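# Chain and residue survey
Residues per chain are reported as follows:
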Amino acid sequence: MNAQILINNGTNWFEFSKSKTGQLDYLGKAAASESFDICDYEEVTSSTYFSPCEYTFLCSELNQASKIFVAPNVDISDRDTFSYLVHIGALLNAVEAKDSLLAGELYLHKKAVFEKFSPLTKYILEDFSAEILFSLCFGRMKNADENTIPLIFDSAQKKLNLDLSKETLEQAYIRYFRENKTVVTLPIVGMEFYNWKKSSRILNKLICNLSDNILEEAEKIRKAKYLFFGSLKVAVQIEPYNEVDKNAILVCIENVESKLFGNQGLEKAGHVRALAAKVIRTARQTQCSYKGKLMRLSDDETVIQIAI
């Protein structure tokens, strides 16, 4: 099976084509790599605008570096095509991993690049567009204005069946979450007020204790570290007794050092942003807890996935 352009994100392969007239097209998720003979393909490394190396922890679906494989007879050297292909892999991976916040932030970061091929980008984002818009407009401390992201907003508007002359965006999401089961990713806010820490002196000492075979030991430590962070239990539940916000949604995560010693128990880590919490609580008034998953840890933020 021959393919013109392939993007590999670990276990996932995505296929693109380029016509003789220079038209780039997205053909969707490709079959397993065994179906392709890429021995003679040119390999191009994706842009570092998103790099797993910048994170303390990433869920396994996101902890991948994209590579582009180009058939010998295909020219992608023009500025727009090359720029699009080296950036789109991370966005494809974020959508595949159901990380609505990351997908939205990657889009915003390289909006000019992605909008050079608006139909392709819109097609890639449209099935997850409502969740992406929610994370951008309700989940962040610096929320996006729907007027600045028309490509995402147009797709989300159709999925939400939104008529702004009849309801607000907030009301539309309350209706959407009542009628649909989905997942969104949101940053934890207010972490500075609680004791939960993503780093551990003990864990760092274990990581630094390498033997002479650095490569082999480093690989063992890497796997152990990611298995450890991935195993941290996350509790996301309502906090109706919160004196500041009756709609508060609290996030608790296992204490890192306590888990190393085998001690059970979770610790307050922070809250879901108030705007997002209000929508979720209003949509699901009798629901007390939400399935949570740790998605990303970095120096700047801790992001969880919430099933609504």
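Analysis parameters
Residues numbered from 1 in each chain as written. Predicted model: local features only at pLDDT ≥ 70, side-chain atom pairs only at ≥ 80, totals over all residues. Heavy atoms only, no water. Helix = DSSP H or I, 4+ residues; strand = E, 2+ residues; numbered from the N terminus. Rg over C-alpha atoms; globule rule 2.2 N^0.38 Å. Buried < 20%, exposed > 50% of the residue type's maximum accessible area, 1.4 Å probe, protein only. Contact = heavy atoms within 4.5 Å. Areas by Shrake-Rupley, 256 points an atom, 1.4 Å probe, with all protein chains shown as cover. Phe/Tyr/Trp six-rings, centres within 6.5 Å; stacked < 30°, edge-to-face > 60°. Lys NZ or Arg CZ within 6 Å of the ring centre and 35° of its normal. Pairing = 2+ DSSP bridges. Axes fitted to C-alpha atoms, helices over the stretch in contact; angles between N-to-C directions. Parallel < 35°, antiparallel > 145°, perpendicular 65-115°, else oblique. Nonpolar A, V, L, I, M, F, W, Y, C, P; charged D, E, K, R; others polar. Salt bridge = Lys/Arg side-chain N within 4 Å of Asp/Glu carboxyl O. Core = buried A, V, L, I, M, F, W, Y, C linked by side-chain atoms within 4.5 Å. Left-handed = near helix turned anticlockwise from the far one by under 90°.

## Notes on the overall build of the chain
On a plain count of helices and strands, the chain comes out with eleven helices and twelve strands. Taking 19 Å as the expected radius of gyration for a compact globule of 308 residues, we find that the chain reaches 21 Å, a close match to that expectation. Overall size of the chain, expressed as C-alpha extent along the three principal axes, is 65 × 65 × 30 Å. Counting all 308 residues of the chain, 49% fall into the buried class. Across the chain, every contact between residues at least 6 apart in sequence was considered, and the portion connecting residues at least 24 apart equals 68%. If you sum the accessible surface of the chain, you get close to 15,900 Å²; carbon and sulfur atoms cover 49% of it.

## Notes on the packing of aromatic side chains
Summed over all chains, the structure comprises 17 aromatic pairs. Considering the side-chain rings of Tyr84 and Phe114, the 6.0 Å spacing of their centres and the 85° angle between planes classify their relative orientation as edge-to-face. In this pair, Tyr84 sits in helix H1 (residues 79-96) while Phe114 sits in helix H3 (residues 111-114), placing the two residues 30 residues apart along the sequence. Using a relative accessible area of 0% as the deciding quantity, one classes Tyr84 as buried. On the accessibility criterion, Phe114 (0% relative accessible area) is buried. Relative to Phe177, the ring of Tyr176 lies with its centre 5.8 Å away and its plane at 55°, an arrangement referred to as tilted. Taken together, the ring pairs in this structure connect Phe134, Phe138, Tyr173, Tyr176 and Phe177 into an aromatic cluster. It is Lys98 that lies over the ring of Phe128; its NZ or CZ is 4.9 Å from the centre.

## Remarks on the sheet that holds strand S2 (residues 12-18)
Ordered in space as S3-S2-S1-S6-S4, the five strands form an open sheet in which the pairing is antiparallel. The two strands at the open ends of the sheet, each matched to only one other strand, are strand S3 (24-29) and strand S4 (42-45). Along the sheet, successive strands turn relative to each other by an average axial angle of 25°, direction set aside. Where S4 lies against strand S6 (residues 67-70), four bridges are found, and the strand directions are antiparallel. Counterpart to Thr45 in the pairing with S6 is Lys67.

## Some remarks on the packing of helix H2 (residues 100-109) against helix H5 (residues 129-139)
In the contact formed by H2 and H5, the axes pass within 8 Å of each other and the chain directions differ by 80°. By the criterion of interaxial angle, the relationship of H2 to H5 is roughly perpendicular. Contacts from Ser100, Leu101, Ala103, Gly104, Glu105 and Leu108 of H2 reach H5 at Glu131, Ile132, Ser135 and Leu136. Here the contact of H2 with H5 is built from residues that sort into five nonpolar, three polar and two charged.

## Some words on the side chain of Thr185
With respect to the helices and strands, Thr185 occurs in strand S7 (residues 183-189). With residues up to four places along the chain from it excluded, the contact list for Thr185 reads Lys98, Asp99, Ser100, Leu101, Leu102, Ser135, Met295, Val303, Ile304 and Gln305.

## Here's the deal with the pattern of salt bridges
Proximity of charged atoms lets side chains of opposite charge pair with each other. Going through the model one piece at a time under the given rule, you end up with twelve salt bridges. The partner of Lys67 in a salt bridge is Glu43, with the nearest N and O atoms 3.6 Å apart. Placement of Lys67 in strand S6 and of Glu43 in strand S4 is noted, with a sequence separation of 24 residues between them. According to the relative accessible area criterion, Glu43 is partly exposed, its value standing at 46%. Here the salt bridges do not stand alone but share partners, grouping Asp99, Arg296 and Glu301 into one network.

## Notes on the nonpolar core
In this structure, Phe16, Phe134 and Tyr173 are the most contacted members of the largest nonpolar core, which totals 99 residues. Among the elements that take part in this core, H1 stands out by supplying nine residues, more than any other. Leaving out residues up to four positions away in the same chain, Tyr173 has contacts with Ala130, Leu133, Phe134, Phe138, Leu160 and Val279.

## Considering the packing of helix H6 (residues 150-160) against helix H7 (residues 169-179)
Following both chains from N to C, one finds H6 and H7 inclined at 50°, their axes separated by 10 Å at the closest point. Here H6 lies oblique to H7, going by the angle between them. Judged by the sense of rotation from one axis to the other, the crossing of H6 with H7 is left-handed. Residues Phe153, Lys159 and Leu160 of H6 touch H7, and the partners they reach there are Leu169, Ala172, Tyr173, Arg175 and Tyr176. Considered class by class, the residues forming the contact of H6 with H7 number six nonpolar, no polar and two charged.

## What about the pairing of strand S9 (residues 249-254)?
Burial analysis of S9 places six of its six residues in the buried class, which makes it a mostly covered element. Both faces of S9 are covered, namely the face carrying Ile249, Val251 and Ile253 and the face carrying Leu250, Cys252 and Glu254. Relative to S9, strand S8 (residues 234-238) is paired through five bridges, and the arrangement is antiparallel. Residue Ala235 lies in a different strand from S9, and its bridge partner there is Cys252. Where S9 and strand S10 (residues 266-272) come together, five bridges link them in antiparallel fashion. Paired with Val251 across the bridge in S10 is Gly270.

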